[in-house]
Amino acid sequence: MTLTCYYLDDSPADPRLPHDSGRPVDYSQVLALGVEHWHIPVSSEGKYEEVDSIMEQRGYHYRDFVTLNKETLGDTLESVLDGFYQEHMHEFEEARYILTGHGYWDIREHPTETWIRFKVGPGDLVILPPGMFHRFTLDEKTDLSSMRMFLETPSRHALPRGEIADTNPYRIDYLRNIAAH
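Predicted, not measured: the structure shown is a model, and the values here were computed from it. (Residues numbered from 1 in each chain as written. Predicted model: local features only at pLDDT ≥ 70, side-chain atom pairs only at ≥ 80, totals over all residues. Heavy atoms only, no water.)

Asker: Looking at this structure, I do not really get the overall build of the protein. What am I missing?
Answerer: Looking only at helices and strands, the protein features six helices and twelve strands. Compactness check: the protein gives a C-alpha radius of gyration of 16 Å against a globular reference of 16 Å for 181 residues, within 12% of the reference. Dimensions of the protein, computed from the C-alpha atoms along their principal axes, are close to 45 × 40 × 30 Å. Across the 181 residues that make up the protein, the buried fraction comes to 44%. Relative to all contacts within the protein whose residues are 6 or more apart in sequence, the contacts with residues 24 or more apart total 74%. The centroid of the 17 positive side-chain charges in the protein is displaced by 1 Å from the centroid of its 31 negative side-chain charges. (Helix = DSSP H or I, 4+ residues; strand = E, 2+ residues; numbered from the N terminus. Rg over C-alpha atoms; globule rule 2.2 N^0.38 Å. Buried < 20%, exposed > 50% of the residue type's maximum accessible area, 1.4 Å probe, protein only. Contact = heavy atoms within 4.5 Å. Lys, Arg positive; Asp, Glu negative; His and termini not counted. Charge placed at Lys NZ, Arg CZ, Asp CG, Glu CD.)

And the structure:
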């Protein structure tokens, strides 16, 4: 199963709306930018054997579960989502397996710096490479549960777009890797 990918429109409206510009992006382009994607049906029994196997292959040693909605986060939901929607990068892979709900990943195409958006839902496992500028938001239903996977202790350390991130060794390695493909 592939993701539906497209260029983001320029509308300043609520980021939880689709913002589909009508210009599709081929799934293979997203993969060429370093995104990895699997679709693994969510087990009704809470078993994650295929996800566990991927975690083991990649050397992940920790996972947690996060639910993003008004019920769990109350009045802090909007500020949490605002933080996710700020363009940033990490010095580690960002790995998420969606259990319930839907959200949007926005990633920067290189070298154009145009935003590409793809929607994720239950069963989508997405891994973004270190050094990739991105952001995330929920869809208009504002309710999502996911498994986060980490090599070691969980980290939300993010580098916002700017000179420090642009010259970060992980960013430089990322650009070198996608240029080689």
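Back to the text.
Asker: Explain the pattern of salt bridges here, please?
Answerer: If the charged atoms of two oppositely charged side chains come close together, the side chains can form a pair. Scanning all chains against the criterion turns up 18 salt bridges. In this structure, the salt-bridge partner of E93 is R58, at a minimum N-O distance of 2.6 Å. Highlighted residues: E93 in the loop between β5 (88-89) and β6 (94-101) and R58 in helix α2 (residues 49-58), separated in sequence by 35 residues. Owing to a relative accessible area of 23%, E93 belongs among the partly exposed residues under this scheme. A residue is classified by how much of its surface remains accessible, and R58, at 24% relative accessible area, is partly exposed. In this structure, the salt-bridge partner of E113 is R171, at a minimum N-O distance of 3.9 Å. Here R171 lies in helix α6 (residues 169-179) and E113 lies in the loop between β7 (103-108) and β8 (115-120), a separation of 58 residues in the sequence. (Salt bridge = Lys/Arg side-chain N within 4 Å of Asp/Glu carboxyl O.)

Asker: I tried to follow the nonpolar core on my own but got confused; where do I start?
Answerer: In summary, soluble globular proteins display a tendency toward joint burial of nonpolar side chains. Ranked by size, the top nonpolar core spans 26 residues in total, and within it C5, V30, V35, I107, I116, F118 and V120 carry the most contacts. When contributions to this core are tallied by element, the ones reaching two or more residues are β1 (5-8), α1 (27-32), α4 (77-85), β7, β8, β9 (124-128), β10 (134-138) and α6. Excluding residues within four positions of it along the chain, C5 makes contact with P24, V25, Y27, V30, I116, R117 and F118. Among the nonpolar cores identified, the runner-up in size contains 13 residues, and I40, L125, I127 and M149 belong to it. (Core = buried A, V, L, I, M, F, W, Y, C linked by side-chain atoms within 4.5 Å.)

Asker: I would appreciate a short explanation of the pairing of β7 in the present structure.
Answerer: Consecutive side chains of a regular strand alternate in pointing toward one face of the sheet and then the other. The buried fraction of β7 amounts to six of the six residues, a majority that puts the element mostly inside the structure. Both faces of β7 are covered, namely the face carrying G103, W105 and I107 and the face carrying Y104, D106 and R108. Strand direction decides the pairing type here: β7 and β8, joined by six bridges, are antiparallel. Across the sheet, residue Y104 finds its bridge partner in β8, namely K119. (Pairing = 2+ DSSP bridges.)

Asker: Explanation requested: α6 in the structure shown.
Answerer: An α-helical turn contains 3.6 residues, so any two residues separated by three or four positions project in the same direction. Among the residues making up α6, those that are buried are R171, Y174 and I178. Around the axis of α6, the buried residues are gathered within 60 degrees of arc, so they sit on the same side. Those residues of α6 that are exposed and aimed more than 90 degrees away from the buried face are P169, R176 and A179. Structurally, the start of α6 carries an N-cap: the backbone nitrogen of Y170 is 2.6 Å from a side-chain oxygen of N168. (Arc of directions from axis to C-beta. Polar contact = N/O pair within 3.5 Å; in protein donor to acceptor, adjacent residues only side chain to side chain.)

Asker: Please clarify how the packing of aromatic side chains should be interpreted in this entry.
Answerer: Here a ring pair, both rings aromatic, is described through the centre-centre distance and the interplanar angle of the planes. All told, the structure shown has four aromatic pairs when counted by the stated rule. Measuring from centroid to centroid gives 6.3 Å for Y62 and F150, while their planes differ by 50 degrees, and the two rings are tilted. Remark: F150 occurs in strand β11 (residues 144-150) and Y62 occurs in strand β4 (residues 62-68); sequence separation between them is 88 residues. Members of the aromatic cluster, each reached through a chain of ring pairs, are Y48, F65 and Y97. Its end group placed over the ring of Y104, R117 keeps NZ or CZ at 4.4 Å from the ring centre. The side chain of R135 reaches across the aromatic face of W115, ending 3.9 Å from its centre. (Phe/Tyr/Trp six-rings, centres within 6.5 Å; stacked < 30°, edge-to-face > 60°. Lys NZ or Arg CZ within 6 Å of the ring centre and 35° of its normal.)

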